Amino acid sequence: MEKKLSIVQILPLLIMFLLAGTHAKITMSPAPQPQPPNNTLPMNGSTPGSLHPQDCLPKCTYRCSNTQYRKPCMFFCQKCCATCLCVPPGTYGNKQLCPCYNNWKTKRGGPKCP
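What comes next concerns the included structure. The residue count restarts for each chain, going from 1 along the sequence in the order it is written. Local features are withheld for residues below a pLDDT of 70 in this predicted model, meaning they are given only at 70 or higher, and side-chain atom pairs are given and counted only at 80 or more; totals for whole chains, interfaces and linings count all residues. Heavy atoms from the whole structure form the basis of all side-chain values; hydrogens and water molecules are not counted.

### Concerning the overall build of the protein
Part 1 of the argument: Working definition: helices are DSSP H or I runs of at least four residues, strands are E runs of at least two. Numbering for both runs from the N terminus. Scanning the protein from N- to C-terminus turns up four helices and zero strands.
Part 2 of the argument: Reading the secondary structure of the protein in the N-to-C direction produces α-α-α-α.
Part 3 of the argument: Across the 114 residues in the protein, those meeting the buried criterion constitute 19%.
Part 4 of the argument: For the protein, contacts bridging at least 24 residues in sequence account for 55% of all contacts bridging at least 6. The buried label goes to any residue with under 20% of its type's maximum accessible area, the exposed label to any with over 50%, and the partly exposed label to all in between, with areas taken from a 1.4 Å probe on protein chains only. The contact criterion used is simple: two residues touch if any of their non-hydrogen atoms lie within 4.5 Å.

### A few points about the state of the cysteines
Part 1 of the argument: Any pair of cysteine sulfurs within 2.5 Å is marked as a disulfide. Summed over the entire model, instances satisfying the criterion amount to six disulfides.
Part 2 of the argument: The side chain of Cys 84 participates in a disulfide bridge whose partner is Cys 100; the two sulfur atoms lie 2.1 Å from each other. In this structure the cystine formed by Cys 84 and Cys 100 twists about its S-S bond by roughly -65°; its chirality is therefore left-handed. On the criterion of sequence distance, the pair formed by Cys 84 in helix H3 (residues 70–84) and Cys 100 in helix H4 (residues 99–103) is long-range, its members being 16 residues apart.
Part 3 of the argument: Of the residues examined, Cys 84 reaches a relative accessible area of 7% and is grouped as buried.
Part 4 of the argument: Of the residues examined, Cys 100 reaches a relative accessible area of 32% and is grouped as partly exposed.
Part 5 of the argument: Note that Cys 86 is cross-linked by a disulfide to Cys 98, the S-S spacing being 2.2 Å. A residue pair is termed long-range when its members are at least 10 positions apart, and Cys 86 in the loop between H3 and H4 and Cys 98 in the loop between H3 and H4 qualify at 12 residues. Note on accessibility: Cys 86 and Cys 98 belong to one class, buried.

### As for the packing of aromatic side chains
Part 1 of the argument: Pairing of aromatic side chains here covers Phe, Tyr and the six-membered ring of Trp, requires ring centres within 6.5 Å, and sorts the geometry by plane angle: under 30 degrees stacked, over 60 edge-to-face, intermediate tilted. A full pass over the atoms with the stated rule returns one aromatic pair.
Part 2 of the argument: For the pair Phe 75 and Phe 76, a centre-to-centre distance of 5.0 Å together with 85° between the ring planes defines the contact as edge-to-face.
Part 3 of the argument: On the basis of relative accessible area, Phe 76 is assigned to the partly exposed category, the value being 32%.

### Topic: the packing of helix H2 (residues 56–63) against H3
Part 1 of the argument: All axes are obtained by fitting lines to C-alpha atoms, using only the stretch in contact for helices, and the reported angles, taken between N-to-C directions, cover 0 to 180 degrees. Closest axis-to-axis distance for the H2/H3 pair is 9 Å, and the angle between their directions is 140°. Considering the angle they form, H2 stands oblique to H3. Regarding H2 and H3, the two cross each other, and that crossing is right-handed. Contacts between H2 and H3 involve Cys 56, Leu 57, Cys 60, Thr 61 and Arg 63 on the former and, on the latter, Arg 70, Met 74, Cys 77, Gln 78, Cys 81 and Ala 82.
Part 2 of the argument: Among the residues making up the contact of H2 with H3, the classes are represented as seven nonpolar, two polar and two charged. Any angle that falls under 35 degrees is termed roughly parallel, while one over 145 is termed roughly antiparallel, one within 65 to 115 roughly perpendicular, and all others oblique. It is the rotation of the near helix from the far one that decides the hand of a crossing: anticlockwise by less than a right angle makes it left-handed, clockwise makes it right-handed. Residues are grouped as follows: nonpolar covers Ala, Val, Leu, Ile, Met, Phe, Trp, Tyr, Cys and Pro; charged covers Asp, Glu, Lys and Arg; every other residue, Gly included, is treated as polar.

### What to know about H3
Part 1 of the argument: Expected span of a helix: the number of residues minus one, times 1.5 Å. Spanning 15 residues, H3 covers 20 Å between terminal C-alpha atoms, matching the ideal 21 Å at 1.5 Å per step.
Part 2 of the argument: Among the residues of H3, those classed as buried are Cys 73, Met 74, Cys 77, Cys 80, Cys 81 and Cys 84. Buried residues in H3, looked at end-on, bunch into an arc of 140°, giving them a common side. Of the residues in H3, the exposed ones pointing more than 90 degrees away from the buried face are Lys 71, Ala 82 and Thr 83.
Part 3 of the argument: Looking at the buried positions of H3, the neighbouring elements they touch are H2 and H4. Directions from the helix axis toward the C-beta atoms define the arc.

Now the structure itself:
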């Protein structure tokens, strides 16, 4: 004698199976966050737009601290900082960290920002 399951018998099992599947929780671990590079140079304000206008004076004071042309260095550094809201770290170089600061050129094609 063969047992045949009717729709009435299968339906409750199907509903229980579907309901059990909707209560399962899927947990995903968060993606790892990138870590800042471990440099010895101060990095605050060295990414585009990371400074506030009031932060330009101390950053430019440090940037121009080793030059003998302090007054023009400060003038152009503050002008560039006000536009780019970024000053490269250190007293010289590192302009690649601040593209706006790096790419601003004079009419003759020289660097505008110290």
